[in-house]
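Below are the chains, spelled out letter by letter.
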Amino acid sequence: MPLEAGLLEILACPACHGPLKEQDEELICTGQDCGLAYPVRDGIPVLLVDEARRPA
């Protein structure tokens, strides 16, 4: 389920404050050195660094 259009404009990565992009069931940080992937569960972004997946 895609997030509301305006929601991605106001959300930012809690670790580096970079912008996020939606990809499958995750929000991926587009920050240059970050790249954390935050899960989206039941349409709700879980923006906790402890829950994020590290880049491969």
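Model, not experiment: these values are computed from the prediction. (Residues numbered from 1 in each chain as written. Predicted model: local features only at pLDDT ≥ 70, side-chain atom pairs only at ≥ 80, totals over all residues. Heavy atoms only, no water.)

Trainee: I'd love a proper account of the side chain of E26, names of residues and values included.
Mentor: Tracing the backbone through its elements, the reader meets E26 in strand β2 (residues 26–29). A polar atom in the side chain of E26 sits 2.8 Å from the side chain of R53. If near-sequence neighbours (up to four positions away) are discounted, E26 is found in contact with K21, A37, Y38, P39, V40 and R53. (Helix = DSSP H or I, 4+ residues; strand = E, 2+ residues; numbered from the N terminus. Polar contact = N/O pair within 3.5 Å; in protein donor to acceptor, adjacent residues only side chain to side chain. Contact = heavy atoms within 4.5 Å.)

Trainee: Residue-level account of the pairing of strand β3 (residues 37–41), with values.
Mentor: Counting buried positions over the five residues of β3 gives four, a clear majority of the element. Bridge count for β2 against β3 is three bridges, and the pairing is antiparallel. Bridge pairing links I28 to A37 in β3. Where β3 and strand β4 (residues 44–45) come together, two bridges link them in antiparallel fashion. If you follow R41 over to β4, its bridge partner there is I44. (Buried < 20%, exposed > 50% of the residue type's maximum accessible area, 1.4 Å probe, protein only. Pairing = 2+ DSSP bridges.)

Trainee: If you had to explain the nonpolar core to someone new, which residues and values would you point to?
Mentor: Ranked by size, the top nonpolar core spans 11 residues in total: L3, L11, C13, L20, L27, C29, C34, L36, Y38, V40 and A52. Those elements giving two or more residues to this core turn out to be β2 and β3. The contact partners of V40, leaving out residues within four places of it in the chain, are L3, E25, E26, L27 and P45. (Core = buried A, V, L, I, M, F, W, Y, C linked by side-chain atoms within 4.5 Å.)

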